[in-house]
Amino acid sequence: MTVASPYAVELSRMPVTTRVLPVAGSETHVWEYGECGSDAETRASAGTLVVVVHGYRGDHHGLEPVIAQLNHPGYRVVAPDLPGFGVSTPMRAVHDLDGYVEWLHEFVERVRAESPSARLVIVGHSFGSIVVAAALAGSPAGSGTPARPGLAVDDAVLINPIAAPALKGPRGVMTRVAIGYYRLGAAAPEKLGHVILSSPVMVRVISITMATTKNKALRRWIHDQHHRYFSAFANRTVVLDAFRASVSNDVSEYAGRITARTLLIAADKDDITPIAAQHRLRDSMSDARLVVLDDVGHLIHYERPIEAARAIDAFLEPSASAS
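## Notes on the overall build of the chain
Part 1: In terms of helices and strands, the chain carries 14 helices and eight strands.
Part 2: The globule rule puts the C-alpha radius of gyration for 323 residues at 20 Å, and the 18 Å found for the chain is close to it.
Part 3: Viewed in the frame of its principal axes, the chain has a C-alpha envelope of about 55 × 50 × 40 Å.
Part 4: For the chain, the residues scored as buried account for 57% of the 323 residues in total.
Part 5: At a minimum sequence separation of 6, the contacts of the chain that also span at least 24 residues come to 77%.
Part 6: Put simply, the chain shows about 13,600 Å² of open surface, and 57% of that area lies on carbon and sulfur atoms.
Part 7: On the chain, the mean spot of the 31 positive side-chain charges and the mean spot of the 33 negative ones are 7 Å from each other.

This is the structure in structure tokens:
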């Protein structure tokens, strides 16, 4: 039985438009929230374009609680399912960090062209924070590879950013267990591997591990969200490639090359990244602000979306951007 969202009322007040965009070989399914995303005319009139990039094994539903709380009528909020996850089809490239960065560049170019005068804000959560950071940083020319310019945005927001290598986090042991689990899924025959990787039991274990709230109703809803959406991946290859990317990279690798004004929203009980690493990440960036939410872990978007949205709204206020 589906558990009702505690944020359903706020979300129901927002107009939602869905469509499919072909990007990097993926039929990318897109949800647009707010009056400014309903058609070509309103998209062109948007004052602020917010592109939202969800985390590993999630889809656009994950950040809906935060989107529902954003409090500016001029926002056009665009939330795609990452290629290979949710209902978006895989892209033509490998589903590693480079593949997702190339996809994000192309996706942002497509939606920005529809709102050419809008302020561009990009938001990434968890694995999405790594994809966003790598895209913002760009890459220097390498042996036989041309330089890739950084994604040009006005502002960036990283929620639960992966600020340090996952294996060095407070629960590095749990990360190693997860690596073993994914290796098992990779070693098994295709059909069995898919069953292992989408096991409801493992999804519930992961959900229980990540949730920190003591509110029983909220915990039930979080577990239901993970049960409904955490195994919506296209195939075993996609989920394994993306997992390797999620544990092999972190935002700190790219921080020094990010020039966009950036808001970091971190949690003091995040089991993946210690809070000290979030402070180091802020200090290593040229223009970053850090908001720390207490008594919450890696699920800020589920457990504390109101505070996260307020932090984003305050960060995007004209007076804040001018300071």
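## Considering the sheet that holds strand β1 (residues 16-23)
Part 1: The sheet built from eight strands is open, its strands ordered β1-β2-β4-β3-β5-β6-β7-β8 with mixed pairing. Among the strands making up the open sheet, the edge pair consists of β1 and β8 (288-293). Going from strand to strand, the sheet's axes swing by 20° on average, the running direction of each strand aside.
Part 2: In the packing of helix α13 (residues 305-316) onto the sheet, contacts are made with β4 (75-80), β5 (119-125), β6 (155-159), β7 (261-267) and β8, and the angle to β7 comes to roughly 160°.

## Re helix α8 (residues 200-210)
Part 1: Along α8, the positions that sit buried rather than exposed are Val203, Ser207 and Met210. All buried residues of α8 fall inside an arc of 70° around its axis, so they share one side.
Part 2: Taken together, the buried residues of α8 touch α9 (216-229) and α12 (300-303).

## A few points about the pattern of salt bridges
Part 1: With the rule as written, the count across this model stands at 14 salt bridges.
Part 2: With a closest N to O distance of 2.9 Å, glutamate 32 and arginine 76 form a salt bridge. Remark: arginine 76 occurs in strand β4 and glutamate 32 occurs in strand β2 (residues 26-33); sequence separation between them is 44 residues. Each member of the pair, glutamate 32 together with arginine 76, is buried.
Part 3: Between aspartate 241 and arginine 244 there is a salt bridge, and its shortest N-O distance comes to 2.7 Å. With a gap of three residues between them, aspartate 241 and arginine 244 both fall in helix α10 (residues 236-248), about one helical turn apart.
Part 4: Look at aspartate 241 and you get buried, because its relative accessible area is 13%.
Part 5: Within the structure, one salt-bridge network assembled from shared partners comprises Arg19, Glu32, Arg43, Arg76 and Glu114.

## Details of the environment of arginine 43
Part 1: Positionally, arginine 43 belongs in helix α2 (residues 40-45).
Part 2: Taking the relative accessible area as the measure of exposure, arginine 43 reaches 9% and is therefore buried.
Part 3: The spacing of arginine 43 and valine 111 is 68 residues in sequence and 8.9 Å in space, taken between C-alpha atoms.
Part 4: Among all residues touching arginine 43, those that are not within four sequence positions of it are Thr17, Arg19, Glu32, Cys36, Gly37, Ser38, Arg76, Glu114 and Ser115.

Scoring rules and cut-offs
Residues numbered from 1 in each chain as written. Predicted model: local features only at pLDDT ≥ 70, side-chain atom pairs only at ≥ 80, totals over all residues. Heavy atoms only, no water. Helix = DSSP H or I, 4+ residues; strand = E, 2+ residues; numbered from the N terminus. Rg over C-alpha atoms; globule rule 2.2 N^0.38 Å. Buried < 20%, exposed > 50% of the residue type's maximum accessible area, 1.4 Å probe, protein only. Contact = heavy atoms within 4.5 Å. Areas by Shrake-Rupley, 256 points an atom, 1.4 Å probe, with all protein chains shown as cover. Lys, Arg positive; Asp, Glu negative; His and termini not counted. Charge placed at Lys NZ, Arg CZ, Asp CG, Glu CD. Pairing = 2+ DSSP bridges. Axes fitted to C-alpha atoms, helices over the stretch in contact; angles between N-to-C directions. Arc of directions from axis to C-beta. Salt bridge = Lys/Arg side-chain N within 4 Å of Asp/Glu carboxyl O.

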